[in-house]
Amino acid sequence: MPKMRYVILQQHQELLFVEMPEEYAYQLSALNLRLNKEIDKLTAENVPDLPLAVAECDSLELLREQYVLQSGLEYINVLEQAFAGIQEQNYPLISLLTEIRALQAQLEQWYEEEEETIQ
């Protein structure tokens with residue numbers, strides 16, 4: 001069974017829990033911090049409201065039913081869709097999308113390889 005890490009994100013008063021392959025958890029945290037740093041530079045009206053990465057951990061047990069563990073690939077797919085829909089004219093949005101899509105491609109490959117290993 002692959003080793004996973006958990007990235008905890010905070011969006012306003014809500015917490016999000018994202019399960020990532022161990023070797024990619026730091027990349028998600030770093031990407032999140034970069035996006036939060038750059039998002040204020042976007043001038044489009046449809047800029048997504050991003051959570052902020054607040055912690056990473058090796059194990060996680062959710063004790064409240066209201067919280068759901070989201071897969072890293074699911075999270076990055078939603079993030080990519082949100083940024084792909086931005087109609088930005090004044091900021092080089094393509095660089096942010098490139099970073100998101102690079103991690104997305106790595107995760108897709110990781111999940112494919114894991115599926116092949118199981119079969």
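Each remark here, short or long, concerns the structure printed above.
Residues numbered from 1 in each chain as written. Predicted model: local features only at pLDDT ≥ 70, side-chain atom pairs only at ≥ 80, totals over all residues. Heavy atoms only, no water.

In the contact formed by helix H1 (residues 22-38) and helix H2 (residues 72-84), the axes pass within 13 Å of each other and the chain directions differ by 25°. Comparing their axes, H2 and H1 come out roughly parallel. Considering only the axes of H1 and H2, their crossing is left-handed. Residues Leu28, Leu31, Asn32 and Leu35 of H1 touch H2, and the partners they reach there are Tyr75, Ile76, Leu79 and Phe83. Among the residues forming the contact of H1 with H2, the class breakdown is seven nonpolar, one polar and no charged. (Axes fitted to C-alpha atoms, helices over the stretch in contact; angles between N-to-C directions. Helix = DSSP H or I, 4+ residues; strand = E, 2+ residues; numbered from the N terminus. Parallel < 35°, antiparallel > 145°, perpendicular 65-115°, else oblique. Left-handed = near helix turned anticlockwise from the far one by under 90°. Contact = heavy atoms within 4.5 Å. Nonpolar A, V, L, I, M, F, W, Y, C, P; charged D, E, K, R; others polar.)

Topologically, Glu88 is positioned in the loop between H2 and helix H3 (93-118). Nearest to the buried, unbridged Glu88 among oppositely charged side chains is Lys41, at 12 Å. For Glu88, the side chain forms a polar contact with the main-chain nitrogen of Ala44, separated by 3.0 Å. In this structure the side chain of Glu88 is engaged in a polar contact, spanning 3.2 Å, whose partner is the backbone nitrogen of Tyr91. (Buried < 20%, exposed > 50% of the residue type's maximum accessible area, 1.4 Å probe, protein only. Lys, Arg positive; Asp, Glu negative; His and termini not counted. Salt bridge = Lys/Arg side-chain N within 4 Å of Asp/Glu carboxyl O. Polar contact = N/O pair within 3.5 Å; in protein donor to acceptor, adjacent residues only side chain to side chain.)

With a phi close to 60°, His12 is a non-glycine residue in the positive phi region. Following the sequence through the fold, His12 ends up in the loop between strand S1 (4-11) and strand S2 (14-21).

Read from one edge of the open sheet, four strands run S3-S1-S2-S4, paired in mixed fashion. Since the sheet does not close on itself, it has two edges, and those belong to strand S3 (52-57) and strand S4 (69-71), each with one partner. Looking at each pair of strands side by side, their axes are set apart by 30° on average, direction ignored. As defined by bridge partners, S1 adjoins S2 across eight bridges and the pair is classed as antiparallel. Directly across from Ile8, in S2, lies its bridge partner Phe17. Strand contacts of H3: S1, S2 and S4, with the helix running at about 60° to S2, the strand carrying the most contacts. (Pairing = 2+ DSSP bridges.)

Attention shifts here to the packing of aromatic side chains. Counted under the stated rule, the structure contains two aromatic pairs. Plain terms: the ring middles of Trp110 and Tyr111 are 4.9 Å apart, the flat faces sit at 90° to each other, and that makes the pair edge-to-face. For Tyr111, a relative accessible area of 23% gives the class partly exposed. (Phe/Tyr/Trp six-rings, centres within 6.5 Å; stacked < 30°, edge-to-face > 60°.)

In this section: a nonpolar patch on the surface. On the surface, a cluster of nonpolar side chains totalling about 250 Å² of accessible area is made up of Leu33, Leu52 and Val54. Of note, Val54 is situated in strand S3. The class for Val54 is partly exposed, based on a relative accessible area of 45%. (Patch = residues over 30% accessible without salt bridge, like charges linked within 9 Å, V, L, I, M, F, W, Y side chains within 5 Å. Areas by Shrake-Rupley, 256 points an atom, 1.4 Å probe, with all protein chains shown as cover.)

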